[in-house]
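What the coordinates show
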Amino acid sequence: MKILFAAAEVAPFSKVGGLADVAGALPAELAASGTGVQVVSPLYSFINQQKHAIESIGITGSVRLGLTSHPFEIAKCVNSQEPRLECLFVINEYFYSREGIYTRADGEGFEDNTDRFFFFQKVIVDLIIRGILNPDIIHVNDHHTALIQFLLHNRKIDIPTLLTVHNFQYQGHFTVAESGMLGPNDRAELKANSAVDMENYNALEIGIRYTQHTNTVSPTYASELLEQSPMSFGLHNVLLKYRERFSGILNGADYTYWNPQVDQLIPFNYSHAAMTGKLENKQALAKRCNLPFNSDIPIIGSVSRLVESKGFDLILEIMGRLLSLPVQMIFLGTGQPEYQEQLSKWARKYPDNISFTAAYDEPQAHLIEAGSDLFLMPSRFEPCGLNQIYSLRYGTAPIVHFTGGLADTVQNWDGNTGNGFVFDNYDSETLLATIHQAVNVYQNLPNQWNNLRENAMSADYSWENSAAAYRKLYQQLLAKE
Ligand code: ADP
Ligand code: GLC
């Protein structure tokens, strides 16, 4: 079985959030267990080609968007440690020679994102038509690649396709004018399909209609999407219509990279059997963030895109009252300017208690996981969430809202069982009470804290099980052919 795995971001090459982690780890796990996989993503100019040994393989071509023909070239990572895994890249200076993947440094999306990802998808289709890519199954991810099956269908090419939706908030809306970038057959097909919303085209919706199966990244999020209409931001009816071919598979964690025993990005490695490194990392973290170190006071860490859905409204509402607790808080993230401004303001006013770094910083993200005692992730909704899974392995108890993948991975500490702190009502008072409870266990109940931490560190969310679930799904799709 040969899988073509297409994604807009792939770690370690390019990353904004969890999609990249998944696109880096799932194909590698599939390959390690014998499935042939090719990964394809754009070659953004910020990717260090020398470091990753990415070289052109001499395949070139061009695809048309409307009246304009755009050239491309294909490159490959020749350094891949896993011979069954091939990482391919689409080169085009005009579209991908920018600092960001989706947005400028100020957070504004590029105006031509529709063209940039239409282009990417058309290149993949072109390579399939020319027989350069010859997969048995295509696995596409999010709206950036959701149209591939639709494009193939209109060119009478039949390859079963799985669409994984990592977050239903982002759907890839495009206008009628932008649809002109597609081919004449594609426009005719869009017009002929009365189910498609022609006022406001939606790549994700088209993807769900045309692919053979759609899945999302946790079982609970999949149920929430079917049961609660607002969760899918307008796609509830489409999901209900196709519910027989919709499911949830929990993401895994790459424990070769997110594991305090082997993590190369933290100063002190540790494990549950040898925990001294954790305290040393806490000291290093405090120093790096210019906070006075005090081992009695828990550090609450956060690494996140700064967007409303991650719970920043709740956090900012109770920030003043959190300061009356014996805690220090460390935030790392970029995103909506208003959250950046408010977090900066709090950090300036209380430099001994709050640190905020407005940056994308991989080593700091690892140090926060390792050096914090608690990890704050009160997302309003969360398709899967990876940071709470990483936190468990680092013995950093997650504080999470009972939703989506957070509910599937963190169990509330009840004095005897559990691996973190979970609250159900999404409001700031409940969050504050939960943080109180977590601080109390940390400060006053050391035996409980040790047991909780042991449960957290022994939880196993490795990719093995999830990759097996994907392989089963691929086999089912092939069998239906
Ligand atoms: P989402 O994909 O919704 O952003 P996830 O929890 O699935 O949420 O994944 C987020 C990933 O992005 C994690 O690997 C996290 O460490 C990383 N990340 C987010 N913001 C930053 C940042 N500012 N610096 C470094 N890593 C970050
Ligand atoms: C999305 C979701 C996040 C998930 C990630 C990887 O960005 O917001 O919950 O973990 O994709 O699937």
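Cut-offs used in this document
- Residues numbered from 1 in each chain as written.
- Chains lettered and ligands numbered in written order.
- Predicted model: local features only at pLDDT ≥ 70, side-chain atom pairs only at ≥ 80, totals over all residues.
- Heavy atoms only, no water.
- Domains from an automatic or database assignment.
- Contact = heavy atoms within 4.5 Å.
- Buried area = accessible area lost by both parts, 1.4 Å probe.
- Salt bridge = Lys/Arg side-chain N within 4 Å of Asp/Glu carboxyl O.
- Polar contact = N/O pair within 3.5 Å; in protein donor to acceptor, adjacent residues only side chain to side chain.
- Near = heavy atom within 4 Å.
- Areas by Shrake-Rupley, 256 points an atom, 1.4 Å probe, with all protein chains shown as cover.
- Helix = DSSP H or I, 4+ residues; strand = E, 2+ residues; numbered from the N terminus.
- Nonpolar A, V, L, I, M, F, W, Y, C, P; charged D, E, K, R; others polar.
- Phe/Tyr/Trp six-rings, centres within 6.5 Å; stacked < 30°, edge-to-face > 60°.
- Buried < 20%, exposed > 50% of the residue type's maximum accessible area, 1.4 Å probe, protein only.
- Pairing = 2+ DSSP bridges.
- Axes fitted to C-alpha atoms, helices over the stretch in contact; angles between N-to-C directions.
- 1 Å grid on protein atoms, 1.4 Å probe; cavity = no way out; pocket = protein on both sides within 12 Å on 5 of 7 lines; lining within 4 Å.
- Points joined across faces, edges and corners; volume = space filled by probe spheres on them.

**Side note on the domain arrangement of the chain**
One widely used convention gives an interface's size as the accessible area the parts lose upon coming together. Domain assignment breaks the chain into domain 1 (2-252 + 464-479) and domain 2 (276-461). Put simply, the middle of domain 1 and the middle of domain 2, counted by C-alpha atoms, are 32 Å apart. Each side of the interface is counted separately: domain 1 has 20 residues, and domain 2 has 18 residues. Carbon and sulfur atoms make up 57% of the surface buried where domain 1 meets domain 2, a total of about 1500 Å² over both sides. In this structure, the connection of domain 1 to domain 2 is made through 0 salt bridges. Inspection of the region where domain 1 meets domain 2 yields 7 residue pairs in polar contact (both at pLDDT 80 or more).

**Regarding the site of ligand 1**
In the region of ligand 1, 21 residues are neighbours, and Lys15, Gly18, Asp21, Arg305 and Lys310 sit closest. At a separation of 2.7 Å, an oxygen atom of ligand 1 approaches a polar side-chain atom of Lys310. Between ligand 1 and the protein, one listed contact pairs an oxygen atom with a backbone N or O atom of Leu386 at 2.9 Å. Bound to the protein, ligand 1 loses 93% of the 560 Å² it would expose on its own. Taken together, the elements giving at least two residues each to the shell around ligand 1 come down to helix 1 (18-32) and helix 15 (387-393). When grouped by side-chain class, the residues that make up the shell around ligand 1 number 9 nonpolar, 6 polar and 6 charged. Summarising the domain contributions, the shell around ligand 1 has at least three residues from each of domain 1 (2-252 + 464-479) and domain 2 (276-461).

**Comments concerning the packing of aromatic side chains**
Across all of its chains, the model carries 20 aromatic pairs by this definition. With a centroid separation of 5.1 Å and an interplanar angle of 85°, the aromatic rings of Tyr442 and Trp449 are classed as edge-to-face. For Trp449, a relative accessible area of 5% translates into the label buried. Through successive ring pairs, a cluster of aromatic residues spans Tyr44, Phe46, Tyr94, Phe95, Tyr96 and Phe119.

**Some thoughts on the site of ligand 2**
The full set close to ligand 2 counts 13 residues, and His166, Asn251, Glu382, Cys384 and Gly385 are the nearest of them. The separation between an oxygen atom of ligand 2 and a polar side-chain atom of His166 is 2.7 Å. Contact between ligand 2 and Asn167: an oxygen atom at 3.1 Å from a side-chain N or O atom of the residue. Burial of ligand 2 by the protein chains amounts to 92% of its free accessible area of 310 Å². Residues of the shell around ligand 2, tallied by class, amount to 6 nonpolar, 5 polar and 2 charged. Mapped onto the domain boundaries, the shell around ligand 2 takes at least three residues apiece from domain 1 (2-252 + 464-479) and domain 2 (276-461).

**Let's talk about the sheet that holds strand 1 (residues 2-6)**
If you walk across this open sheet you meet the 9 strands as 3-4-5-2-1-6-7-10-11, and the pairing is mixed. Each end of this open sheet is capped by a strand with a single partner; those strands are strand 3 (54-65) and strand 11 (246-248). Taken pair by pair, the neighbouring strands of this sheet meet at an average axis angle of 25°, ignoring direction. Where strand 1 meets strand 2 (residues 36-42), 5 bridges bridge the pair, whose relative direction is parallel. The residue bridging Leu4 from the neighbouring strand is Gln38, located in strand 2. The strands that helix 1 touches are strand 1, strand 2, strand 5 (85-91) and strand 6 (137-141); relative to strand 2, the one it contacts most, it runs at about 160°.

**A short note on the sheet that holds strand 17 (residues 421-423)**
Here 6 strands make up an open sheet; going across it, the order is 14-13-12-15-16-17 and the pairing parallel. Looking at strand neighbours, the two that pair on one side only are strand 14 (354-357) and strand 17, the edges of this open sheet. Neighbour to neighbour, the strand axes of the sheet diverge by 15° on average, direction disregarded. Strand direction decides the pairing type here: strand 15 (residues 374-377) and strand 16 (residues 397-401), joined by 4 bridges, are parallel. When the sheet's bridge partners are listed, Leu374 is paired in strand 16 with Ala397. Strand contacts of helix 14 (residues 362-371): strand 12 (299-303), strand 13 (328-332), strand 14 and strand 15, with the helix running at about 150° to strand 12, the strand carrying the most contacts.

**Thoughts on the side chain of Ser179**
In this fold, Ser179 is placed in helix 6 (residues 176-179). The buried category is assigned to Ser179, whose relative accessible area is 4%. When residues no more than four places from it in sequence are discounted, the contact partners of Ser179 are Phe174, Arg187, Leu190 and Tyr201.

**A few points about the layout of surface pockets**
Estimates place the volume of the second largest pocket at around 260 Å³. Along the walls of the second largest pocket sit 13 residues, with Leu279, Asp373, Tyr442, Trp449 and Arg453 positioned nearest its centre. Contributing elements (two or more residues each) for the lining of the second largest pocket: helix 11 (276-288) and helix 18 (446-458). Of the residues belonging to the lining of the second largest pocket, the class tally is 5 nonpolar, 3 polar and 5 charged.

**Concerning the pattern of salt bridges**
A pair can form between side chains of opposite charge whenever their charged atoms are brought close. One pass over the structure, following the stated rule, counts 12 salt bridges. Residue Glu308 pairs with Arg380 through a salt bridge whose shortest N-O separation is 2.8 Å. Of this pair, Glu308 sits in the loop between strand 12 and helix 12 (312-322) while Arg380 sits in the loop between strand 15 and helix 15; the two residues are 72 residues apart in sequence, bridging distant segments of the chain. Exposure remark for Glu308: the relative accessible area of 25% places this residue in the partly exposed category. Residue class for Arg380 comes out partly exposed when judged on its relative accessible area of 31%.

**Details of the pairing of strand 7 (residues 161-165)**
Burial analysis of strand 7 places 5 of its 5 residues in the buried class, which makes it a mostly covered element. Neither face of strand 7 is left uncovered, since the one carrying Thr161, Leu163 and Val165 and the one carrying Leu162 and Thr164 both have all their residues buried. For strand 6 and strand 7, the ladder comprises 4 bridges, and the chain directions are parallel. Residue Val140 lies in a different strand from strand 7, and its bridge partner there is Leu163. Where strand 7 meets strand 10 (residues 213-216), 4 bridges bridge the pair, whose relative direction is parallel. Residue Leu163 lies in a different strand from strand 10, and its bridge partner there is Thr214.

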